[in-house]
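Inside the fold
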Amino acid sequence: MALQLGVLVLFAVVAVVVFLVGDRFRPVSWQREDDEGAHGMVLDMVNMFFAAIVAFVVVILWQQYDTATAHTVAEGKALVVAYETAGDLPDADRARVQGLVREYTEQVVTVEWVAMRDQKSLSEGTQQTFDDLRAAVAAVQSADPAVLDAQQEIDESLDAVAEARYDRALDAGYSLPVFLYIALWFGTVMLLAGGVFSGVMVTRRSVVMTAMFGFVVGAIVLTIYKLDRPFAGWNMVSREAYELALARFQQIASAESASNALPR
């Protein structure tokens, strides 16, 4: 930190040296009696700095949101494949595996979504349900090649679920790096102090305009904070992938019930 601070101070010193030395060599026609030009230059640079930081942060947060959404979609698809493939298992194993797939998905939508929002972590109970699901698939005993193929396909689907679940845990705990927040607040302070450095007179109109300007800047900063976590705040990742999976489970279960009810 001290080294980084030293680099910033060094740049400030170099800027002053260049300014003072350059003043001795620049033409007289370039010189001004006041420092209005310097004020304008500094304010323009502050505006550009703030705009660049905001744009950079928003892009990062939006990419993180898209990534987190993709992980939920991948997990939802893998759960549907596991549930559907479990239909090829013996009846007792099929009921056990499909029941655990449904239970796990419901826990993700309810219990785990709250844990990700409030605690930035996954639910231990939901993890235990997933472990029970994997154990139930591993416990299937059969010499039937069709059952063995189904068992292998379910294992592969659960591997995909485990990978997406791991990624979702990282997404839930994600937050912007501290240095970006420092840069954001530095730019905000400099931006709000621009009215002082520009020498604007205090009038009723200037006070109202400054208040409106502060309101807009505050809204931008607040929006960034609310976008920081993909499973909390204003732009929360949707649970639609899991809700669609649950709806698909119901369709498959209804089709299996209708098939079993047909006379043989």
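To be clear, the structure that these remarks concern was listed above.
Summarised in this report is the structure supplied together with it. The residue numbers shown here count from 1 along each chain, following its written sequence. Totals for whole chains, interfaces and linings use all residues, but because this is a predicted model, local features are given only for residues with pLDDT of at least 70 and pairs of side-chain atoms are given and counted only at 80 or more. Computation of side-chain values covers all heavy atoms of the structure but excludes hydrogens and water.

Concerning the packing of helix α3 (residues 91-119) against helix α4 (residues 124-138)
In this analysis an axis means a line fitted to C-alpha atoms, helices contributing only their contacting stretch, and an angle means the value between N-to-C directions, from 0 to 180 degrees. Secondary structure elements are taken from DSSP: a helix is a run of H or I of four residues or more, a strand is a run of E of two residues or more, and numbering for both begins at the N terminus. Here α3 crosses α4 at 165°, and the two axes come no closer than 9 Å. Classed by the angle they form, the pair α3 and α4 counts as roughly antiparallel. Regarding α3 and α4, the two cross each other, and that crossing is left-handed. Across the interface between the two elements, R96, V97, L100, V101, E103, Y104, Q107, V108 and E112 of α3 pack against G125, T126, T129, F130, D132, L133, A136 and V137 of α4. Oblique is the label for every angle not falling under 35 degrees (roughly parallel), over 145 degrees (roughly antiparallel), or within 65 to 115 degrees (roughly perpendicular). If you view the pair so one helix is near and one far, a crossing is left-handed when the near helix is turned anticlockwise from the far one by less than a right angle, and right-handed when it is turned clockwise. Any two residues whose heavy atoms approach within 4.5 Å at even a single point are treated as in contact.

Description of the environment of A78
Mapped onto the fold, A78 is located in helix α2 (residues 36-85). Of the residues examined, A78 reaches a relative accessible area of 7% and is grouped as buried. Residues A78 and A160 lie 82 residues apart in sequence; the distance between their C-alpha atoms is 6.2 Å. Filtering out sequence-adjacent residues up to four positions away, A78 remains in contact with S157, A160 and V161. Buried residues are those whose accessible area, probed at 1.4 Å on protein chains only, stays under 20% of the maximum for their type, while exposed residues exceed 50% and partly exposed ones sit between those limits.

As far as function goes, none of this settles anything; it's purely spatial.
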